[in-house]
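What the coordinates show
Below, each chain spelled out in residue letters.
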Amino acid sequence: MKKLYYYIPFICFCFLLVFFLKQLFEEQSPSELPSVLLNKKLPLIELEKLEGYHFMSYENLIFNDKPFLINVWSSWCGPCKIEHDNLMKLSKTYKVPIFGINYKDEIENAKNFIENYGNPFSIIGVDRKGKEVINLGVYGIPETFIIDSSGFIKYRHVGPILEYDMLNVILPILKNLEE
Amino acid sequence: MYKCLLIFLVLFSSISAISKEKNDSLVAKELFEELRCLVCQNQSISESDAPLAKDLKLIIIEQLNEGKTKTEVKSFLVNKYGEFILFKPTFSLKNIFLWMSPIIFLIFGIFLTYRFYYFSSVNIQNSEKLTAFEKRKLKSILNKDVK
Amino acid sequence: MITEFGHFLLALSLSISLIQFLIPAIGVKINSINMMKTSSLSAYLSFIFVLISFLALLWAYITSDFSVSLVAKNSHSLKPLIYKISGLWGNHEGSLLLWILILTFYSATIAYLGKRLPLKLVSLVLSIQGLIAVAFISFILFTSNPFIRVFYPNIEGEGFNPILQDFGLAIHPPFLYLGYVGLSVSFSFSIAALLIGRVDTLWVKWVRPWTLIAWIFLTIGIALGSWWAYRELGWGGWWFWDPVENASFMPWLATTALLHSSIVAEKRDTLKAWTILLAIVAFSFSLLGTFIVRSGVLISVHSFAADPSRGLYILLLLFLFTGGALFLFAKKSPDLKSGSLFQPISREGALIINNIIFSSAAATVLVGTLYPLFIDALSNSKVSVGPPYFEAVFIPLMVPAILICAFSPMLSWKRAVISNLYERIIGIFILSILITSILVFLYDGSPTAFLGLFLGFWLMLGTIYEIAFKIGIGKKLEIMLSRSINLPRSAYGMSLAHLGVAVFIIGVTVSSAWREDIEKSISLGDEIFIKNYKLIFSSYDKIQGPNWVADKATFFIFKNKIKIDSLYPERRFFPASQVTTSEPAIMSNVFSDLYVVLGEKNTENNYYSIRVYYSPLLNWIWFGIILMVLGGIFSISDRKHRLGYTSFKKLVK
């Protein structure tokens, strides 16, 4: 019995090793945060209207009849430009409604951005100071949320939506929600 | 001996009583240092220059001014960003192993030490008893000397 | 050409290391003296080849040879020479080559100094060192080769991280590695002892100098890193409980415990299994640190570019060495026979308490560092374990250790009668409380400040009293002199090291409890008042350096209406990497630091954001560490450590 005590360090070490192995094969980077708002109702956020574009109030938004995306973007944000084409595809080709939240931007620059690169957003809200999106747990733009038809947050994507993400993550989730 | 302990305790507690009163800006500073910046994840929002850090600082100050307590502000942020944003892990059941680990290790160490003292004293006691062979040999040596 | 030569020699050293591992091991098994004797030649050759290989890579850096992929990625022709050199180890591949260089250097040194040690023991030690070398050299050659060429080299290197261009940071890795790798020696000695099946007091005597050397270097390495962080990062902080910092602190804690437990092992021929376990664990912590930095599993500012495949290889190494060692330990250490007994209340008993506390501390830091990993693996949610946790947990753990440390050198061996010491202990206690109370009252301190100060003075007074007593203060001068000269250096070493800890505690307590800071937006000509200093923002220039442009502010510092100094904080911009860094300006003296950081300029109103910190006794943190290192140096220069390594004749002289 006494001799078994001597194996304790070895056993503890083996446990440790297993954890490390698991973590090494983990796909998600340790600095990426999963959203804590998943499966919770979209929190109340108060945004301003962007002149010349459609706007919808929070109350109407959460009773939308089909699932939609919320995309937090800005004209000064590089990755936003990268994902812009895919957003256009989602909106025009796949007919996904996208609610754009313009984050900490100048009105003129925001308008120029959409006019020059195309407008994938069916409705646009403006968060001038960047305070409102904190209610969504946004920490780095661009961020995209998938909201179901009852107003619940189903998924959050941090960073630009690349083709891979669009085809293998976003669209399948949306399809799932529609059924 | 106990008098000293008493003196120590009295002094210690009286100092606590005279402690500075906390005001809002101090609480804000404390909060800033206890929260992780989500962009520059190796820094607290106090240290970070990231825009998000600045926004969070503003929101914290705003909420404190509204009269919210430190705990309320923290739980607001945890609701939005998860426990990751807290540098000090919560005292929840989930984290029980974390908070109890120093005590567990100490107790384990004390237990091992106790076993060490107990078993070595048993060993010494056992080895201190002379075997029959040794007893005879001792006798013969002693007898030789006497001659 | 030189690069290829270096590459070739590295491959050659792999073969030599393989021989160094196999032949002596077989020699021990079949009892062939000739085979065992090959170990020293292998060690020497291995070291020479790795050295030349290292120099070849160094040459590539110095000449900015961008056809070498590593140099192209990490260097730049405009870098100052010293940073070109230190750039060699500022990346994953190069730092591993440095690691191997130091490993083979230690092996060669063991071979040279160990001529009078039992052949079997030295052969096994060198054999294990050889195995470690084989593992790491193959890691380098097969996954992280620094000698890879680029076939279409660019004219210029891809630069560098400007933050790395600092003297403190440049020399901190070599010291740290000398510490980490030094622990491999204690490790190898332990494995050898387990394989032979015998641990005796002579073995402890032979291992101790290596452990001390590793400890000294590790302490210096960690301190340099902290000192750099304090001077460069702009927050007046010097320790962040970052995973990689913890990865260096854990081996330090384990090694400190090891140094103390080996005293008991040597004196009483007991606690041997525990000492061996600590040596294995200390080196394993080194390997673990290597894993954490290079695998990308934990978030850290120190991480090299994360690469899971490298992580896997290191995990394999960990499994082989740590797993193998711990398994061997489990099998063989029950056979180690215990020696003599001592009472729980005795010098040995106090050393055991030290070990319980330091080992618990190391284990706690390990749990805290890895906890986010556990939670993520088990529940896929993220938590953070940061400074608030570690401080809340580490400090209370250390309190009993400090309390005992003050008077444990006064305890007798085997059986101490505390009642004899009562008067002295109470005297020191009262004096410490008095001093602390006066200071806390005068300067308005918090309870934590009280505790910290008390512990610092308690340890300081206890240590000073003990050494004064040993020297015989109060007796005749001749007695004092002769006692001082005859006192073994290790006694001075112990007192110096403990004194260093006391000074360190006081430094930490005072600099954090009584720190004052101001954060403001100011414009030219404004005045800032902090403590009894007045700072005037007198001017603002644009200056240029070798690879940066900067805004430099000039502050005049006044005390009691007299100008005592000027400070020039800068904000540097590095065009090559588009990074902005802030260079704080610090006015240091023995009693305080005044620390000024230049922040961003508000372009609208020409206001600059400024932070000023006043940290009293901050430099006592570094003084304390210097004293600890001095203590280590005194200890290792003690005559008894040369025992067994030098001929008896030399000692008798």
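Residues numbered from 1 in each chain as written. Chains lettered and ligands numbered in written order. Predicted model: local features only at pLDDT ≥ 70, side-chain atom pairs only at ≥ 80, totals over all residues.

Some points on the overall build of chain A
Counting its regular elements, chain A contains six helices and six strands. Over its C-alpha trace chain A gives a radius of gyration of 21 Å, far above what one expects of a compact globule, namely 16 Å for 179 residues. Dimensions of chain A, computed from C-alpha atoms along their principal axes, come out at roughly 80 × 35 × 30 Å. When the 179 residues of chain A are sorted by exposure, 36% land in the buried category. Across chain A, contacts joining residues at least 24 apart in sequence account for 78% of those joining residues at least 6 apart. (Helix = DSSP H or I, 4+ residues; strand = E, 2+ residues; numbered from the N terminus. Rg over C-alpha atoms; globule rule 2.2 N^0.38 Å. Buried ≥ 20, exposed ≤ 12 C-beta atoms within 10 Å, placed from the backbone. Contact = placed C-beta atoms within 7 Å.)

What to know about the overall build of chain C
When its secondary structure is counted, chain C shows 19 helices and 10 strands. Scaling as 2.2 N^0.38, a compact globule of 653 residues should have a C-alpha radius of gyration of about 26 Å, and chain C matches this with 27 Å. The principal-axis extent of the C-alpha atoms belonging to chain C is close to 85 × 75 × 60 Å. A buried classification covers 53% of the 653 residues belonging to chain C. A separation of at least 24 residues holds for 73% of the contacts in chain C among residues at least 6 apart in sequence.

What to know about the interface of chain B and chain A
Contact with chain B, which involves 10 residues of that partner, is made by 10 residues of chain A. Listing elements by their share of the side of chain B that touches chain A, those giving two or more residues are helix 3 (51-65) and helix 4 (70-81) of chain B. Broken down by element, the side of chain B that touches chain A gets its largest block of residues, three residues, from helix 3 of chain B. When grouped by side-chain class, the residues that make up the side of chain B that touches chain A number six nonpolar, two polar and two charged. (Nonpolar A, V, L, I, M, F, W, Y, C, P; charged D, E, K, R; others polar.)

Quick word on the interface of chain B and chain C
The interface of chain B with chain C comprises 33 residues on the first partner and 36 residues on the second. Of all elements in the fold, only helix 1 (2-18) and helix 5 (96-128) of chain B reach the threshold of two or more residues within the side of chain B that touches chain C. Element by element, the count of residues in the side of chain B that touches chain C is highest for helix 5 of chain B, at 13 residues. Per-class residue counts for the side of chain B that touches chain C are 17 nonpolar, 11 polar and five charged.

Digging into the domain arrangement of chain C
All names here are of chain C. Here chain C is described as being made up of domain 1 (1-160), domain 2 (161-400), domain 3 (401-514 + 622-627) and domain 4 (520-619). Each of domain 1 and domain 2 has a C-alpha centre, and these two points are 24 Å apart. In this complex, domain 1 contributes 27 residues to the contact, which on the side of domain 2 involves 29 residues. Where the side of domain 1 that touches domain 2 is concerned, the elements lending two or more residues are helix 4 (81-86), helix 5 (92-113) and helix 6 (119-143). In terms of residues, the side of domain 1 that touches domain 2 owes the most to one element, helix 6, which gives 10 residues. The class makeup of the residues in the side of domain 1 that touches domain 2 is 18 nonpolar, eight polar and one charged. (Domains from an automatic or database assignment.)

Description of helix 8 (residues 201-232) of chain C
Residues and elements named next belong to chain C. For helix 8, spanning 32 residues, the distance from its first C-alpha to its last is 46 Å, which sits close to the expected 46 Å at 1.5 Å a residue. At Val-207, helix 8 shows its maximal kink, close to 30°; a proline, Pro-209, follows between one and four residues later. Downstream of helix 8 by a residue or two, Gly-234 has a phi angle that is positive, lying close to 80°. (Expected span 1.5 Å × (residues − 1). Bend = angle between axes of the 7 residues up to and from the residue.)

Describing the environment of Phe-47 of chain C
Locating Phe-47 of chain C in the fold gives a position in helix 2 (residues 33-62). Setting aside anything within four residues of it in sequence, one finds Phe-47 of chain C in contact with Thr-104, Phe-105, Ser-107 and Ala-108 of chain C.

Looking at the sheet that holds strand 1 (residues 516-522) of chain C
Working definition: the strands of a sheet are paired by backbone hydrogen bonds and lie parallel or antiparallel to each other. All names here are of chain C. Spatial ordering of the open sheet is given by 1-10-9-8, a layout of four strands whose pairing is antiparallel. A strand with exactly one partner marks an edge of an open sheet, and here the two such strands are strand 1 and strand 8 (585-589). The sheet shows a mean angle of 10° between the axes of neighbouring strands, direction not considered. Examined bridge by bridge, strand 1 and strand 10 (residues 607-616) share seven bridges and lie antiparallel to one another. For Lys-520, the partnering residue across the bridge sits in strand 10 and is Ile-610. (Pairing = 2+ DSSP bridges. Axes fitted to C-alpha atoms, helices over the stretch in contact; angles between N-to-C directions.)

Some remarks on the pairing of strand 8 of chain C
Residues and elements named next belong to chain C. The pairing of strand 8 with strand 9 (residues 592-602) spans five bridges and is antiparallel. From the neighbouring strand, Ser-588 faces strand 9, where its bridge partner is Asp-593. Connecting the antiparallel pair strand 8 and strand 9 is a turn made up of two residues.

Observations regarding the nonpolar core
All names here are of chain C. The biggest cluster of nonpolar side chains holds 244 residues, and the ones touching the most others in it are Ile-100, Phe-136, Leu-253, Ala-254, Ile-280 and Leu-459. The greatest single-element share of this core, amounting to 18 residues, is contributed by helix 8. With residues near it in sequence (within four places) discarded, Leu-253 still touches Phe-358, Ala-361, Ala-362 and Val-365. Residues Phe-537, Ala-553, Tyr-608 and Val-612 belong to the second largest nonpolar core, which totals 15 residues. (Core = buried A, V, L, I, M, F, W, Y, C linked by C-beta atoms within 7 Å.)

Observations regarding unusual backbone geometry
For the bond running from Ile-141 of chain A to Pro-142 of chain A, omega is 0°, close enough to zero to count as cis. Phi angles above zero are rare outside glycine, and Lys-104 of chain A is one such case at about 50°. Note that Lys-104 of chain A resides in the loop between strand 3 (98-103) and helix 5 (107-117). Residue Lys-104 of chain A is classed as partly exposed on the basis of its C-beta count, with 18 C-beta atoms lying within 10 Å. Even without being glycine, Leu-617 of chain C reaches a positive phi, approximately 55°.

Quick look at the confidence of the model for chain C
Here chain C averages 90 in pLDDT, and 97% of its residues register 70 or above. For this predicted complex, the interface confidence comes out at an ipTM of 0.89, alongside a pTM of 0.91. (pLDDT = per-residue confidence, 0-100.)

Notes on the sheet that holds strand 6 (residues 153-158) of chain A
Residues and elements named next belong to chain A. Reading across the sheet, the six strands line up as 1-4-3-2-5-6 and stay open at both edges, with mixed pairing between neighbours. Pairing within the sheet leaves two strands with one partner each, and these edge strands are strand 1 (48-49) and strand 6. With five bridges joining them, strand 5 (residues 143-147) and strand 6 adopt antiparallel strand pairing. Note on strand 6: the bridge partner recorded for Glu-143 is Val-158. Here helix 6 (residues 163-178) sits on the sheet and contacts strand 5 and strand 6; the angle it forms with strand 6, its principal contact strand, is near 170°.

Topic: the pairing of strand 7 (residues 579-583) of chain C
Residue and element names in this part refer to chain C. Examined bridge by bridge, strand 6 (residues 570-574) and strand 7 share five bridges and lie antiparallel to one another. What sits directly across from Glu-570, in strand 7, is Glu-583. Hairpin connection from strand 6 to strand 7: four residues lie between these consecutive antiparallel strands, with Gln-578 at a positive phi of about 60°.

Details of the packing of helix 5 of chain C against helix 6 of chain C
All names here are of chain C. Relative orientation of the contacting elements helix 5 and helix 6 amounts to 165°, with a least axis distance of 10 Å. In terms of orientation, helix 5 and helix 6 fall into the roughly antiparallel class. When the axes of helix 5 and helix 6 are compared, the crossing they make is left-handed. The segment helix 5 lies against helix 6, with Glu-93, Leu-96, Leu-97, Trp-99, Ile-100, Leu-103, Thr-104, Ser-107, Ile-110 and Ala-111 engaging Val-122, Val-125, Leu-126, Gln-129, Ile-132, Ala-133, Phe-136, Ile-137, Phe-139 and Ile-140. When the residues that make up the contact of helix 5 with helix 6 are grouped by side-chain class, the tally is 16 nonpolar, three polar and one charged. (Parallel < 35°, antiparallel > 145°, perpendicular 65-115°, else oblique. Left-handed = near helix turned anticlockwise from the far one by under 90°.)

Digging into the packing of helix 8 of chain C against helix 18 (residues 619-636) of chain C
All names here are of chain C. Between helix 8 and helix 18, whose axes approach to 10 Å, the crossing angle comes to 165°. If you check the angle between helix 8 and helix 18, you find them roughly antiparallel. Where helix 8 crosses over helix 18, the handedness of that crossing is left-handed. Only Trp-622, Ile-625, Met-628, Val-629, Gly-632, Ile-633, Ser-635 and Ile-636 of helix 18 make contact with helix 8, whose side of the interface consists of Pro-209, Leu-212, Ile-213, Trp-215, Ile-216, Thr-219, Ile-220, Ala-223 and Trp-227. Counted by class, the contact of helix 8 with helix 18 contains 14 nonpolar, three polar and no charged residues.

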